[in-house]
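Fold and geometry: a report
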Amino acid sequence: MKRSQSGFTVIEIILVVLFLATAATVLFIQRSNLAAAERDTQRKTAINAMYYDLQEVFFAKNGYYPATIDEKNLTAMDPALFKDPNGVKIGDEASEYRYETTGCDNDKCKGFTLRANLEKEDDFVKSSSDK
């Protein structure tokens, strides 16, 4: 008499577990990459907002750039953009954003460079066109 058995072999179960573990690992890595890319996009957006506020609003009105920037002198942008994705405000030592000025006389500067440290690319840099 022949006996029929149904079910999975140990090898089949091991293969399915390995496949699921591999898929989970790939998804975790991709999720991390997507999150880093999103934070980089936030950094670029903030630097672009600061740049255009400095160029199109502040410089157009005053004829110079400020020695430091914050929500008091750059009023045409969202104040939340002065903080990097970690919540550190521009000007603080640990900030991923940097504002560097050139040709300053007291608090009036001739040029600037804005930088953001990115995770997936080189630093994002925007410089004044009036250097």
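Structural data are supplied above this passage.
Residues numbered from 1 in each chain as written. Predicted model: local features only at pLDDT ≥ 70, side-chain atom pairs only at ≥ 80, totals over all residues. Heavy atoms only, no water.

This next bit is on the packing of aromatic side chains. In this structure the tally under the stated criterion is six aromatic pairs. Ring geometry for Tyr51 versus Tyr52: centroids 5.0 Å apart, planes at 85°, classification edge-to-face. Residue class for Tyr51 comes out buried when judged on its relative accessible area of 12%. Ring plane angle 20° and centroid distance 4.6 Å describe the contact between Phe59 and Tyr65, whose orientation is recorded as stacked. Connected via pairs of aromatic rings, a cluster forms that spans Tyr51, Tyr52, Phe59, Tyr65, Tyr99 and Phe112. Of note, Lys126 hangs over the ring of Tyr51, and the distance from its end group to the ring centre comes to 4.7 Å. (Phe/Tyr/Trp six-rings, centres within 6.5 Å; stacked < 30°, edge-to-face > 60°. Buried < 20%, exposed > 50% of the residue type's maximum accessible area, 1.4 Å probe, protein only. Lys NZ or Arg CZ within 6 Å of the ring centre and 35° of its normal.)

What follows is about the pattern of salt bridges. Once the charged atoms of two side chains with opposite charge are near each other, the side chains can pair. One pass over the full model with this rule turns up nine salt bridges. A salt bridge links Glu121 to Lys44; the nearest nitrogen and oxygen atoms lie 3.0 Å apart. Here Glu121, found in the loop between strand 4 (111-116) and strand 5 (124-127), pairs with Lys44, found in helix 1 (residues 10-62); they are 77 residues apart in sequence, far enough to count as distant. Salt bridges sharing partners connect three or more residues here, namely Arg39, Asp40, Arg43, Glu96 and Glu119. (Salt bridge = Lys/Arg side-chain N within 4 Å of Asp/Glu carboxyl O. Helix = DSSP H or I, 4+ residues; strand = E, 2+ residues; numbered from the N terminus.)

Our focus in this paragraph is the side chain of Asp53. If you trace the backbone, Asp53 turns up in helix 1. Despite being buried, Asp53 has no salt bridge partner; Lys61 is the closest side chain of opposite charge, sitting 9.7 Å away. For Asp53, the side chain forms a polar contact with the main-chain nitrogen of Ala76, separated by 3.2 Å. (Lys, Arg positive; Asp, Glu negative; His and termini not counted. Polar contact = N/O pair within 3.5 Å; in protein donor to acceptor, adjacent residues only side chain to side chain.)

Attention now moves to the nonpolar core. Nonpolar side chains in soluble globular proteins tend to be buried together. Of all hydrophobic cores here, the largest spans 20 residues; its most connected members are Met50, Leu54, Ile69, Ile90, Tyr99 and Leu114. Contributions of two or more residues to this core are made by helix 1, strand 2 (97-102) and strand 4. Leaving out residues up to four positions away in the same chain, Leu114 has contacts with Ile47, Met50, Tyr51, Leu54, Ile69, Ile90, Arg98, Tyr99, Phe124, Val125 and Lys126. (Core = buried A, V, L, I, M, F, W, Y, C linked by side-chain atoms within 4.5 Å. Contact = heavy atoms within 4.5 Å.)

Here the focus is the environment of Asp78. Positionally, Asp78 belongs in the loop between strand 1 (65-66) and strand 2. Looking at Asp78, the relative accessible area reads 44%, which means it is partly exposed. The sequence separation of Asp78 and Thr41 amounts to 37 residues, and the corresponding C-alpha distance is 16 Å.

Enumeration according to the criterion identifies one disulfide in this entry. Across the disulfide, Cys104 is cross-linked to Cys109 (sulfur-sulfur distance 2.0 Å). Measuring handedness by torsion sign, the sulfur bridge of Cys104 and Cys109 sits at about 100° and is right-handed. On the basis of relative accessibility, which here comes to 38%, the residue Cys104 falls in the partly exposed class. (Disulfide = S-S within 2.5 Å.)

Turning next to unusual backbone geometry. A positive phi angle, near 60°, is found at Asn106, a position not held by glycine. Here Asn106 is to be found in the loop between strand 2 and strand 3 (108-109).

For the rest of this paragraph, the subject is helix 1. Under the 1.5 Å per step criterion, the end-to-end length of helix 1 is 76 Å for 53 residues, consistent within 8% with the ideal 78 Å. For helix 1, the complete set of buried residues consists of Ala36, Asp40, Arg43, Ala46, Ile47, Met50, Tyr51, Asp53, Leu54, Gln55 and Phe58. Its buried side turned inward, helix 1 meets strand 1, strand 2, strand 4 and strand 5. Positive backbone phi, approximately 80°, marks Gly63, located one or two places after helix 1. (Expected span 1.5 Å × (residues − 1).)

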